[in-house]
Every structure is written in structure tokens, then in C-alpha cells.
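The primary structure of each chain is shown beneath.
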Amino acid sequence: MTLILGLESSCDDSAAALVTSDRRILAQAVVGQNSAHQPYGGVVPEIAARAHVEVLPGLIDRVLAEAGVRPDQLDAVAATAGPGLIGGVMVGLLAGKGLALAAGKPLVAVNHLEGHALSPRLSDPNLGFPYLLLLASGGHCQLLEVRGVGDYRRLATTIDDAAGEAFDKAAKLLGLDYPGGPAIEQLARQGDPTAVALPRPLVGSGEPHFSFAGLKSAVQRAAAAGTHRAADIAASFQQAVVDCLVDRTRLALARSDAPTLVVAGGVAANGAVRAALQQLAERHGRTFTSPPGWLCTDNAAMIAWAGAERLAAGLNDGLDAPARARWPLDAAADAVRGAGVKA
Ligand code: KG4
Ligand code: ZN
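Bear in mind that the values here come from a model prediction, so they are computed numbers and not experimental data.

Caption draft 1: Up close: the packing of helix α2 (residues 45–67) against helix α3 (residues 86–103). Relative orientation of the contacting elements α2 and α3 amounts to 30°, with a least axis distance of 8 Å. One way to sum up the angle between α2 and α3 is to call them roughly parallel. The way α2 lies across α3 gives a crossing that is right-handed. Residues A49, H52, V53, L56 and I60 of α2 form the contact with α3, whose participating residues are G87, G88, V91, G92, A95 and L99. Here the residues of the contact of α2 with α3 are counted per class, giving seven nonpolar, four polar and no charged.

Following this line, the structure appears as C-alpha cells:
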């Protein structure tokens, strides 16, 4: 059994967690920065980095105290080393390096996307490799065959916006707060998903890629028309996203014999998304799993867990591990037209 401290700071959540290789989460804490970015209508990288500097040391103390663990009892320190907003990534990674150095323990420089990708193995002890993963977050929308720790084959990605980004933009158009996903999901409960005719970009196309930019423009037109209830637009938008995710994932399932379908990343916290993908998996004779909502949105337990998995695979990093703004999980995947803009 190993004990790992995980740190996360790649976007607008500061997080620390203590996780064991036998799947016990001894302590975990996340502090968001919504109010700091609220006046600007989006995440401001400089403000985010400064907030991580202020918050992260206290979070580390808090999880260690809560679990009654001293730094010298750790087996390793795992910190997100990218991809993400580079200032924030550097803050968390340097904190991790300092702790690892002081405690004389190995550092694991974790790819944030690998944190999301392996998180279902923390919540579901029965999930073995390979599995087909829909990774849908604020910065990414990808279909990946997860073959092992550090072994990913990308089947598809978005050619423009990420799925979570689409939720955030649609929410903004409807006058809802950031992050838009939970706000849209809540409002959609009072709406009719068939009320507003919205496009399903790329549905039916031959490659399982995603596109959400046209959907956002259609929401903009529907909101500007002033003839629809906001709840109906929210419900119709959410249904359109679900239809896109299901159609594209269906195509990827046909190209993979992985026995299990998994959805992870912030958008996987959405009940309609989870239910639709579970049904899809059942129709195609695959099992389905997804982490609990709190483990889908950004957190440090998934980073600690990815650290535990990498450590078990004999992988750790030197104190010279770089912070990376861009860091694809499948470096061999071809660039897709319009893709690669998002970190
Ligand atoms: O994984 P995450 O916390 O951060 C990134 O790595 O990007 O994902 C955040 C994204 C945001 O765009 C947020 O709106 C979306 O996930 N999200 C949701 C829900 N909760 C968070 N989208 C739809 N429904 C939700 N319940
Ligand atoms: Zn994330």
C-alpha cells in the first residue's frame, strides 16, 4: 500500500488530497475561485495563479492534519504538471516539488487529462484495461481507448469548442452564472427539451469527432429572438449536447472492442449525459461506469490516484519535470482541422 499527496491547480480550482493505492481517500479539499473571476465573465489566468499561491499551502496543511499524516509518511507527491493555464500549473507543480524535496520523496508529474482518465479506476475497483473513455470537460472533448497507465489511443476530439465550454457559453447567453454546466442542468429540469429546434453538429458524419460552435450560435439566435422560455432553451440545448455525445460515442464503440464505456471530466457530472451514455453502453452490450460527480469535476484525489497508478507502474519524475501548457495524452494522434486551439 502506498500513500500519495495529490495537488491540482491547472485551472480555477485549487485542490489537495491524500489517497492510498488501495482506493482510500483519507482527505480531500477543493477551493474554487468563481467569485474572483465573476466580474470578468471568465477565468483570468493571472488572477487564477495568484489565488493558487494564496490557497494551496493552507489546503495542503488541512488535508495532512485531517488525515493525521506527516509529510515523511508519504510515499510520493503527485502534482498536475499540465495541460492548463501555465501560471497556475507552475504554482502547484512547484509546491509539489518543494514538498517532495523537503520530505525526500519521489515526485510524480501528472497529466491532468490522465487524472480524469484514470479517475474511474479509483471509484470502481472492477474497472480493468482497456476501456473506451469519453473525456468531456471545460477544455477537452475526446474519445480515448485507455489501454493502460500512460497508454492512450485517441479516436476523436473536438474540432472547435469543448463540451463543457459549450455549456459555459450557452449559460452566459442565458444570463446564468459560471460554471454553466450545473446552472443549465438545473434550469433544464423545468424546460421542454423538444421546444427549441437546435442543430446536432457532425451527427452522422463518418469520423467520431465533435463540434459545438454551431450549437452555441444557434442558442445565441434563440435567446435573441425572445420568443422562448430560458428553461426551454436550456433543456433543448442540453438535449442537443447529449445527442451529439451519444452519436459520436456510438461510432467510437463500433471501432473498439473495449468491454466497458466510461465517461469522466466535468461534463460527466451531468445526470442526463450519464443516463444517455449508460443506455448506449447497455444497447451495445458493454458495461458502463462513471465516477461520482465530485470526482468528475476538477479535484486532487484523481491526481493523487493517477500518481499512485504511475508509481505502481514504476514511473516517477525528477525535480526538473517541466510545467506544460499543452500536453496531449496521445502524442501520436493526428491534428484535426480546427482542433488544438484549446489548452
Ligand atoms: O473537469 P472540469 O472540472 O475542468 C476542466 O478540466 O475543464 O470541467 C469543468 C467543466 C465546465 O465547463 C463546467 O460547466 C462543466 O465541466 N460541468 C458540467 C456540469 N458540471 C460541470 N457540465 C454539464 N453539467 C454539469 N452538471
Ligand atoms: Zn479537468
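Caption draft 2: Quick peek at the coordination of the zinc ion (ligand 2). The protein atoms that coordinate the zinc ion (ligand 2) are H112 (NE2), H116 (NE2) and D298 (OD), at distances of 2.0 to 2.1 Å. For the zinc ion (ligand 2), the four donor atoms are set out with angles of 95 to 136° between them, so the coordination reads as irregular. Here the donor residues for the zinc ion (ligand 2) map to a single chain with the spacing H-x3-H-x181-D. A residue pair is termed long-range when its members are at least 10 positions apart, and H112 in helix α4 (residues 112–123) and D298 in the loop between α10 (293–296) and α11 (301–312) qualify at 186 residues. This pair shows no difference in class: H112 is buried, exactly as D298 is.

Caption draft 3: The arrangement of the environment of D161 in detail. Its place among the elements puts D161 in the loop between β8 (151–157) and α5 (163–173). The sequence separation of D161 and R326 amounts to 165 residues, and the corresponding C-alpha distance is 16 Å. Here K169 takes part through its side chain, which lies 3.2 Å from a polar atom of the side chain of D161.

Caption draft 4: Geometry of a nonpolar patch on the surface. The grouping of I86, M90 and L94 at the surface amounts to a nonpolar patch, some 270 Å² of accessible area in total. When you line up the elements, I86 lands in helix α3. A residue is classified by how much of its surface remains accessible, and I86, at 35% relative accessible area, is partly exposed.

Caption draft 5: Quick look at the site of ligand 1. Around ligand 1 there are 21 residues in total, and G138, D168, G181, E185 and D298 lie nearest to it. Note that an oxygen atom of ligand 1 is positioned 2.8 Å from one of the backbone N or O atoms of G138. Here ligand 1 has 550 Å² of accessible area as a free molecule, and 90% of this is covered by the chains. Elements represented by at least two residues in the shell around ligand 1 include exactly α4, α5 and α6 (180–188). Within the shell around ligand 1, the residues separate by chemical class into six nonpolar, eleven polar and four charged. The two domains that each donate at least three residues to the shell around ligand 1 are domain 1 (3–117 + 298–327) and domain 2 (128–290).

Caption draft 6: Main features of the packing of aromatic side chains. Under the criterion given, the structure shown has three aromatic pairs. Here the aromatic rings of F129 and Y131 are separated by 5.9 Å at their centres, their planes lie at 10°, and the arrangement is stacked. Ring centres of F210 and F212 lie 6.2 Å apart, and the angle between their planes is 15°; this geometry places the pair in the stacked category. The class of F210 is buried, set by a relative accessible area of 1%. Residue classification places F212 among the buried residues on the basis of a relative accessible area of 0%.

Caption draft 7: Examining the sheet that holds strand β2 (residues 13–20) more closely. Taken in spatial order, the five strands of this open sheet run β3-β2-β1-β4-β5, and their pairing is mixed. Taken across any chain shown, the strands that pair with only one partner, and hence form the sheet edges, are β3 (25–32) and β5 (107–111). Within the sheet, the average angular offset between the axes of one strand and its neighbour, ignoring direction, is 20°. Sheet strands in contact with α2 are β1 (3–8), β2 and β3, and its direction is about 25° off that of β2.

Cut-offs and rules
Residues numbered from 1 in each chain as written. Chains lettered and ligands numbered in written order. Predicted model: local features only at pLDDT ≥ 70, side-chain atom pairs only at ≥ 80, totals over all residues. Heavy atoms only, no water. Axes fitted to C-alpha atoms, helices over the stretch in contact; angles between N-to-C directions. Helix = DSSP H or I, 4+ residues; strand = E, 2+ residues; numbered from the N terminus. Parallel < 35°, antiparallel > 145°, perpendicular 65-115°, else oblique. Left-handed = near helix turned anticlockwise from the far one by under 90°. Contact = heavy atoms within 4.5 Å. Nonpolar A, V, L, I, M, F, W, Y, C, P; charged D, E, K, R; others polar. Donors = N, O, S within 2.8 Å, 3.2 Å for Na, K, Ca; no water. Tetrahedral: all angles 85-135°; square planar, octahedral: opposite > 155°, others 65-115°. Buried < 20%, exposed > 50% of the residue type's maximum accessible area, 1.4 Å probe, protein only. Polar contact = N/O pair within 3.5 Å; in protein donor to acceptor, adjacent residues only side chain to side chain. Patch = residues over 30% accessible without salt bridge, like charges linked within 9 Å, V, L, I, M, F, W, Y side chains within 5 Å. Areas by Shrake-Rupley, 256 points an atom, 1.4 Å probe, with all protein chains shown as cover. Salt bridge = Lys/Arg side-chain N within 4 Å of Asp/Glu carboxyl O. Near = heavy atom within 4 Å. Domains from an automatic or database assignment. Phe/Tyr/Trp six-rings, centres within 6.5 Å; stacked < 30°, edge-to-face > 60°. Pairing = 2+ DSSP bridges.

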